[in-house]
Amino acid sequence: MSYTVQYYDLVLVAIFATMAVGTGIGVLTPLALPTAVTLAGVAAALLIAHGLFVRGPVDGAEDLTDEVETLN
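Small disclaimer: the values here were computed from a predicted structure and weren't measured.

1. Quick look at the overall build of the chain
Next, step 1: In terms of regular secondary structure, the chain is built from 2 helices and 0 strands.
Next, step 2: Looking at the 72 residues of the chain, the share that counts as buried comes to 15%.
Next, step 3: When contacts within the chain are restricted to residue pairs at least 6 apart in sequence, those whose partners lie at least 24 apart make up 47%.

2. A few points about the packing of aromatic side chains
Next, step 1: Within this structure, the stated rule accounts for 1 aromatic pair.
Next, step 2: Arranged with centres 5.0 Å apart and planes meeting at 80 degrees, the rings of Tyr7 and Tyr8 form a pair that is edge-to-face.
Next, step 3: On the basis of relative accessible area, Tyr8 is assigned to the partly exposed category, the value being 33%.
Next, step 4: Over the aromatic face of Tyr7 sits the side chain of Arg55, whose NZ or CZ is 4.2 Å from the ring centroid.

3. Structural notes on the packing of helix 1 (residues 7-28) against helix 2 (residues 33-54)
Next, step 1: Viewed as axis vectors pointing N to C, helix 1 and helix 2 meet at an angle of 170 degrees, and their least axial separation amounts to 7 Å. It follows from the interaxial angle that helix 1 and helix 2 lie roughly antiparallel. Where helix 1 abuts helix 2, its residues Tyr7, Tyr8, Val11, Ala14, Ile15, Thr18, Met19, Gly22, Thr23, Ile25, Gly26 and Val27 lie against Leu33, Ala36, Val37, Ala40, Gly41, Ala43, Ala44, Leu47, Ile48, His50 and Gly51.
Next, step 2: By residue class, the composition of the contact of helix 1 with helix 2 is 16 nonpolar, 7 polar and no charged.

4. What to know about helix 2
Next, step 1: Taking 1.5 Å of rise per residue, the 22 residues of helix 2 would be expected to cover 32 Å, and the 30 Å separating its terminal C-alpha atoms lies within 8% of that figure.
Next, step 2: Taken as a whole, helix 2 has its buried residues at Ala36, Ala40, Ala44 and Gly51. One face of helix 2 carries all of its buried residues, which in axial projection span an arc of 65 degrees. Turned more than 90 degrees from where helix 2 packs its buried face, Pro34, Thr38, Leu39, Leu46, Phe53 and Val54 sit exposed.

Thresholds applied
Residues numbered from 1 in each chain as written. Predicted model: local features only at pLDDT ≥ 70, side-chain atom pairs only at ≥ 80, totals over all residues. Heavy atoms only, no water. Helix = DSSP H or I, 4+ residues; strand = E, 2+ residues; numbered from the N terminus. Buried < 20%, exposed > 50% of the residue type's maximum accessible area, 1.4 Å probe, protein only. Contact = heavy atoms within 4.5 Å. Phe/Tyr/Trp six-rings, centres within 6.5 Å; stacked < 30°, edge-to-face > 60°. Lys NZ or Arg CZ within 6 Å of the ring centre and 35° of its normal. Axes fitted to C-alpha atoms, helices over the stretch in contact; angles between N-to-C directions. Parallel < 35°, antiparallel > 145°, perpendicular 65-115°, else oblique. Nonpolar A, V, L, I, M, F, W, Y, C, P; charged D, E, K, R; others polar. Expected span 1.5 Å × (residues − 1). Arc of directions from axis to C-beta.

Here you go:
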């Protein structure tokens, strides 16, 4: 069985990369570490918002009207 990289895999990698780059900028430049990490966190939050709301994990709007099956 082969695995293909999905959109959400790329989102997770991008979140990690954004935070790592923010930390690197904070450590290697005169920009304060908390400022750099905060800015990276805002960028990561935008990536998360895009993954949830712009390209959400549903096939279409009709999927949102399906009844939820009970867990019992």
